[in-house]
Structures are given as C-alpha cells and as structure tokens.
Amino acid sequence: MRTVWTFHTAGEIVFGRDAVNQLGEVARRLQAKRVLVITDPILADAGLIDRVHGPLLEAGVEVEIFTGGEPEPSLRAAEACAKLGHKVRPDAVIGLGGGSNMDLAKLTATLLAYPGSPRRFFGDDQIPGPILPVICIPTTAGSGSEVSGAAVVTDTENHVKVGILSNYLRPRAAIVDPLLSQTCPPKVTADSGIDALTHAIEAFTAIDNEVFPLPPGERSIYQGRHPMGDMVAEKAIRLVGQFLRRAVRDGADLEAREGMALAALLGGMAFSNVGVAIVHALEYPLGAAVHCSHGLGNGLLLPYVMEFNRSVRAPAFARIASWLGEDIEGLDEDEASNRAVKAVRQLRADIGIPDRLRDLQVSEGQLHGFAEKAFSIKRVCRVNPRTVTLDDLQGILQAAY
Ligand SMILES: NC(=O)c1ccc[n+]([C@@H]2O[C@H](COP(=O)([O-])OP(=O)(O)OC[C@H]3O[C@@H](n4cnc5c(N)ncnc54)[C@H](O)[C@@H]3O)[C@@H](O)[C@H]2O)c1
Ligand SMILES: [Fe+2]
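Residue numbering note: each chain is counted from 1, following its sequence as written. Written order determines the labels here, with chains lettered from A and ligands numbered from 1. Residues qualify for local features only when their pLDDT is at least 70, as the model is predicted, and side-chain atom pairs are given and counted only at 80 or more; totals for whole chains, interfaces and linings, by contrast, use all residues. With hydrogens and water excluded, all non-hydrogen atoms of the structure serve as input to the side-chain values.

**Student:** So what exactly am I meant to see when it comes to the coordination of the iron ion (ligand 2) here?
**Tutor:** Between any two of four tetrahedral donors, the ideal angle at the metal is 109.5 degrees; between two of six octahedral donors, it is 90 or 180 degrees. Distances decide who is a donor: an N, O or S atom must be within 2.8 Å of the metal, or within 3.2 Å for Na, K and Ca. Water is not included, so sites may look incomplete. Summarising the metal site, the iron ion (ligand 2) is bound by the protein donors Asp195 (OD), His199 (NE2), His280 (NE2) and His294 (NE2), whose distances to it range over 2.2 to 2.3 Å. Around the iron ion (ligand 2) sit 4 donor atoms; with metal-centred angles ranging over 84 to 167 degrees, the donor geometry is irregular. Here the donor residues of the iron ion (ligand 2) share one chain and are spaced in sequence as D-x3-H-x80-H-x13-H. Here His280 is found in helix α9 (residues 278–290), whereas its partner His294 is found in helix α10 (residues 294–309), with 14 residues between them in sequence. Like His280, the residue His294 is buried in the burial classification. Key to geometry: four donors with every angle between 85 and 135 degrees are tetrahedral; four donors are square planar and six octahedral where opposite donors lie over 155 degrees apart and all remaining angles lie between 65 and 115; all other sites are irregular. Elements are defined by DSSP. Helices are runs of H or I of four residues or more, strands are runs of E of two residues or more, and each kind is numbered from the N terminus. Classification of residues uses two cut-offs on accessible area relative to the type maximum, computed with a 1.4 Å probe and protein chains only: under 20% is buried, over 50% is exposed, and between them is partly exposed.

As structure tokens, this is what we get:
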C-alpha cells in the first residue's frame with residue numbers, strides 16, 4: 001500500500017491582470033540575459049508578442065522570437081525550434097500561447113539541454129535531469145501546461161499524439177495574465193475550457209493513491225487521487241461551471257476570463273500530479289487521426305467516459321454535479337451522479353462542442369484502431385478508477401459514435 005504522495009507545480013506563479021508586466025523581473029530572478037520566445041503567427045498578429053517584448057527589453061534582456069508554433073505541434077516543429085535554439089543559445093525559453101506553444105517551449109528547453117532525438121523522452125520520467133529554465137505565459141485557459149510536467153507532441157509518422165512526462169518539464173515560472181486570453185476566439189475558449197474541466201474531473205475521480213497500480217520498477221509522475229489534487233480539482237470544476245459559458249459568449253468578460261485562467265491553472269495542478277485517465281487516452285489517437293483540437297476531442301468523449309466510470313465513483317460524481325450547479329437534494333446516489341453527466345452534456349452543448357464521433361467524420365471502422373492505441377497508453381489507462389479492457393474502450397467509442 002502506498003502511503004506517500006507528492007505535489008509538484010511551477011517554481012513560481014504570478015497571477016492576475018497585467019501580471020505579464022512582471023516578466024522582466026521574473027527573467028532577472030532566473031538570471032536570464034538572453035531568452036528565446038516561442039509563439040505562433042496568430043499570436044504575433046494579435047499583438048501579444050509586444051506584451052512580452054516590452055517588459056523584457058526594459059529589464060535589459062536580449063530577445064529572440066520563434067513564430068513557427070502550430071496547434072497540436074508536430075515533432076518537426078520541435079526540431080525546427082531546437083535548431084534555432086542551438087544557434088541563439090538562450091539562458092531561458094519562454095512559451096507564449098496555448099498548450100501547443102508552451103509544450104513546444106518545454107520540449108525545446110529539453111533538447112537544448114540534451115541534444116538529439118526527442119523520441120527518447122517519450123513516455124514517463126525519461127528526461128535525465130534539469131532542463132533549461134522555462135517560463136510559461138498562457139494565452140488560452142485550458143491546458144494547464146503552465147504548471148504541468150507534460151509536453152504533448154504529434155508524431156505524424158505514427159499518427160498518434162505522444163506525451164512526455166517528467167517533473168523536470170515543470171516551468172520555473174508561470175505568468176498567468178487573464179488579459180492575454182481576451183483575444184481568444186469562442187471556439188478556442190470553448191475547446192481549451194472543456195479540457196480544463198476534463199483535467200479536473202479525471203483527477204477528482206481517479207483511482208486512489210493508496211491503490212495506484214504502478215508496476216514495480218516503473219516510474220510515473222502520476223500517482224492517483226490525493227488530498228491536494230482533490231482540493232485544486234474541486235475549485236477548478238466550480239470555476240468552469242461558473243465561468244466557461246460566459247467566457248465563450250463574451251470574450252471581453254474579464255471576470256469570466258480570470259475565473260477560467262484560474263480554473264486552467266488549478267486543473268493543471270490537479271491532473272499533473274494525480275493523472276489523467278481514459279478520456280485522454282482515447283483522445284490521443286482520435287485527435288491524431290481527425291485533427292480535431294485536443295479540447296474538442298476530450299469534451300466530446302468526457303460524458304461517455306463519466307458514464308462508464310460512474311458506478312465505481314458515484315459519490316464523487318454526485319459532488320461534481322452539485323459543483324456544476326445541479327440540485328441533487330433528495331436524490332439517491334445513482335441519480336445524483338447521473339446529474340454530473342447531464343450537466344457536462346448540457347455545458348458541452350451550450351458551448352458548441354459536438355456530441356458524436358460521427359460529427360467529426362470518424363468512420364465506424366476506425367474505432368477499433370483508436371481503442372487499441374488508447375489501450376496501449378498504460379500510464380494513462382492505469383489512472384482510471386475502473387479497470388479497463390480493450391473491449392471497454394471499444395464500447396465507450398461505440399457509444400460515442
Ligand atoms: N502539457 C500539458 O500539460 C498539456 C495539457 C493539456 C493539453 N496539452 C496540449 O495543448 C494543446 C492544446 O492547447 P490549447 O487548448 O491551449 O490550444 P492551442 O495552444 O493549440 O491554441 C489553439 C489556437 O488558438 C490560438 N490562440 C491561442 N491563444 C490565443 C489568443 N489569446 N488569441 C487568439 N488566438 C489564440 C493559437 O494560435 C492556436 O491557433 C494540445 O496540443 C494538447 O495536447 C498539453
Ligand atoms: Fe488535456
């Protein structure tokens with residue numbers, strides 16, 4: 001029986017409106033004289049690079065910018081970024097953007113410390129030691145990559161998204177400025193927002209830390225449900241229930257943007273210590289095959305997985321239902337837990353996330369392949385509270401089809 005759990009997050013968190021103005025001081029504290037900022041063309045057009053450039057120049061930090069980031073980044077993008085990094089030789093790497101650019105920054109910082117193929121870091125705890133300092137500045141509210149020990153890239157050769165998990169990937173600093181997400185279009189707000197909800201729900205309903213089935217000799221940054229994870233996951237779920245619809249409806253609603261920025265941060269803290277489960281396992285092959293966003297794939301699958309897990313986690317799902325605003329007074333446990341599924345379905349519909357895999361042009365013949373790939377991602381499947389078989393995964397996909 002495991003009796004020890006740990007909690008890791010970013011080295012420092014600077015949160016709030018105009019927090020980005022403190023970037024110069026953060027860089028100075030990390031003794032960074034030259035930095036590489038990793039971002040993408042959309043954020044460059046939205047004027048967000050200027051928001052980070054100003055404070056860095058003021059602090060006398062030399063800045064190089066890579067604008068070749070892309071959604072669900074490919075290994076090729078990571079290699080291009082590392083190539084520039086080897087030329088620039090920065091003291092720190094800054095990820096400016098959603099999960100995609102932040103993950104690219106983490107992988108680049110890894111490759112600058114350990115040159116060579118990124119493939120050798122795939123999986124759990126394969127990075128041998130500290131990487132270059134990373135500062136993450138999220139411009140979406142969802143991935144939680146600003147605090148997580150994960151980087152996800154698309155392996156276009158093998159048609160699957162691969163995760164690299166290591167506590168060495170945790171950013172040295174996360175600067176979370178809700179003002180930066182104001183330009184986020186409704187679709188990105190919805191997709192990334194429901195990813196944050198997925199993180200919190202998968203963490204809150206994960207298998208317990210005491211019985212986390214880590215095979216002898218294997219290492220994982222995931223460790224099952226524990227009290228710190230529960231605490232941050234609860235708050236994240238409440239915040240998503242309160243603010244996601246508002247943020248999607250009106251991107252200028254700053255209170256909603258701030259609520260979602262915090263939800264994403266807390267969701268990231270929860271899942272990156274406790275773990276994500278089979279929603280994520282199923283999304284990796286799905287997203288790689290149909291090129292939907294990570295958040296959209298998760299949001300679509302989430303209620304089907306909740307339905308599958310509900311019987312072994314009824315009290316937890318009942319609490320989730322009430323945090324999402326359902327009145328569960330007087331209901332028995334089964335009906336109360338069912339309300340959580342209902343609440344997520346309603347939220348999903350309200351923010352425009354599709355209900356069925358066929359809506360994503362998935363063909364029925366693809367389902368078995370998705371189930372097989374998902375089943376092979378053991379580090380994620382073992383976090384699920386209910387033991388899953390290949391047939392179970394196929395059944396969930398069939399229900400979602
Ligand atoms: N490392 C982790 O812990 C972790 C966790 C969850 C998801 N992820 C990964 O993160 C990625 C998804 O991240 P995401 O949901 O944040 O979206 P994203 O980073 O893929 O961004 C989606 C699109 O929105 C644009 N965008 C972002 N912010 C904007 C803004 N403020 N204004 C205008 N446009 C903006 C981007 O340019 C991009 O085109 C996936 O690759 C996923 O696998 C990583
Ligand atoms: Fe996710």
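Structure shown, so let's carry the discussion forward.
**Student:** Quick question: what am I supposed to make of the sheet that holds strand β8 (residues 160–165) here?
**Tutor:** Paired through backbone hydrogen bonds, the strands of a sheet run either parallel or antiparallel to each other. Only strands joined by at least two bridges in the DSSP assignment are considered to pair. Spatial ordering of the open sheet is given by β5-β8-β7, a layout of 3 strands whose pairing is mixed. At either margin of the open sheet sits one strand with a lone partner, and together these are β5 (123–124) and β7 (150–155). Here 2 bridges tie β5 to β8, and the two strands are oriented parallel to one another. Following the sheet pairing, Gly123 is matched in β8 by Ile164.

**Student:** Help me understand the nonpolar core, please; the structure alone is not making it clear to me.
**Tutor:** Taken as a class, soluble globular proteins show a tendency for nonpolar side chains to be buried jointly. As used in this record, nonpolar core signifies buried Ala, Val, Leu, Ile, Met, Phe, Trp, Tyr and Cys residues forming a set joined through side-chain atoms within 4.5 Å. In terms of nonpolar packing, the biggest core is built from 89 residues, with Leu197, Ile201, Tyr222, Ile237, Leu301, Ile320 and Leu357 touching the most fellow members. Ranked by residues supplied to this core, first place goes to helix α8 (residues 254–274) with 11 residues. Counting residues in hydrophobic clusters, the runner-up holds 28 residues, among them Leu111, Ala151, Val153 and Ile164.

**Student:** Whenever I open this one, the packing of aromatic side chains confuses me. Can you help?
**Tutor:** What describes a pair of aromatic rings is the distance from one ring centre to the other and the angle between the planes of the rings. Side-chain rings of Phe, Tyr and Trp (the six-membered ring for Trp) are treated as a pair once their centres are within 6.5 Å; stacked means planes under 30 degrees apart, edge-to-face means over 60, and tilted covers the remaining angles. With the rule as written, the count across this model stands at 2 aromatic pairs. Ring centres 4.9 Å apart and planes at 65 degrees place the aromatic pair Phe204 and Trp323 in the edge-to-face group. With Phe204 in helix α6 (residues 186–204) and Trp323 in helix α11 (residues 314–323), the pair connects residues that are 119 residues apart, well separated along the chain. What makes Trp323 buried here is its relative accessible area of 9%. To sit over a ring, a charge needs its Lys NZ or Arg CZ within 6 Å of the ring centre and within 35 degrees of the ring normal. The ring of Phe375 carries Lys378 above its face, with NZ or CZ at 3.9 Å from the centroid. Sitting above the plane of the Phe308 ring, Arg386 keeps its charged end 3.9 Å from the centroid.

**Student:** Would you explain the site of ligand 1 in this entry?
**Tutor:** Near ligand 1 you find 31 residues, and of these Ser100, Asp103, Thr140, Ser148 and Thr183 are the closest. Nitrogen and oxygen atoms within 3.5 Å of one another constitute a polar contact, given that in protein one can donate a hydrogen and the other can accept it, and given that sequence-neighbouring residues count only through two side-chain atoms. In this structure, an oxygen atom belonging to ligand 1 sits 2.8 Å away from a side-chain N or O atom of Asp40. Contacts to ligand 1 include Leu180, whose backbone N or O atom sits 3.0 Å from a nitrogen atom. In short, Shrake-Rupley with a 1.4 Å probe defines the accessible areas, and a residue's cover is counted only from the protein chains shown. Starting from 860 Å² of accessible surface for ligand 1 in isolation, the protein chains cover 93%. The pocket occupied by ligand 1, as judged from atoms lying within 2 Å of grid points, is the largest pocket. Broken down by class, the residue content of the shell around ligand 1 amounts to 13 nonpolar, 13 polar and 5 charged. When we say a residue is near a molecule or strand, we mean one of its heavy atoms is within 4 Å of it. Cavities and pockets are defined on a 1 Å grid built over the protein atoms alone: a cavity is a set of grid points where a 1.4 Å probe fits but cannot escape, while a pocket is an open set with protein on both sides within 12 Å along at least five of seven lines, and lining residues are those with an atom within 4 Å of any such point. For a molecule to be placed in a cavity or pocket, more than half of its atoms must lie within 2 Å of the grid points of that cavity or pocket. Polarity classes work like this: nonpolar for Ala, Val, Leu, Ile, Met, Phe, Trp, Tyr, Cys and Pro, charged for Asp, Glu, Lys and Arg, and polar for all others, with Gly in that last group.

**Student:** When you look at the pattern of salt bridges in this model, what are you seeing that I'm missing?
**Tutor:** As a working rule, side chains carrying opposite charge can pair if their charged atoms are close by. Salt bridge, as applied in this entry: a Lys or Arg side-chain nitrogen positioned within 4 Å of an Asp or Glu carboxyl oxygen. Evaluated as defined, the whole model comprises 24 salt bridges. We note a salt bridge from Arg310 to Asp334, for which the minimum N-O separation is 3.0 Å. With Arg310 in the loop between α10 and α11 and Asp334 in helix α12 (residues 333–350), the pair connects residues that are 24 residues apart, well separated along the chain. Asp355 is the partner of Arg345 in a salt bridge, and the nearest nitrogen-oxygen pair spans 3.3 Å. Taken together, the positions of Arg345 in helix α12 and Asp355 in the loop between α12 and α13 (367–376) put the pair 10 residues apart, joining distant regions of the chain. Assessed through its relative accessible area of 31%, Arg345 is described here as partly exposed.

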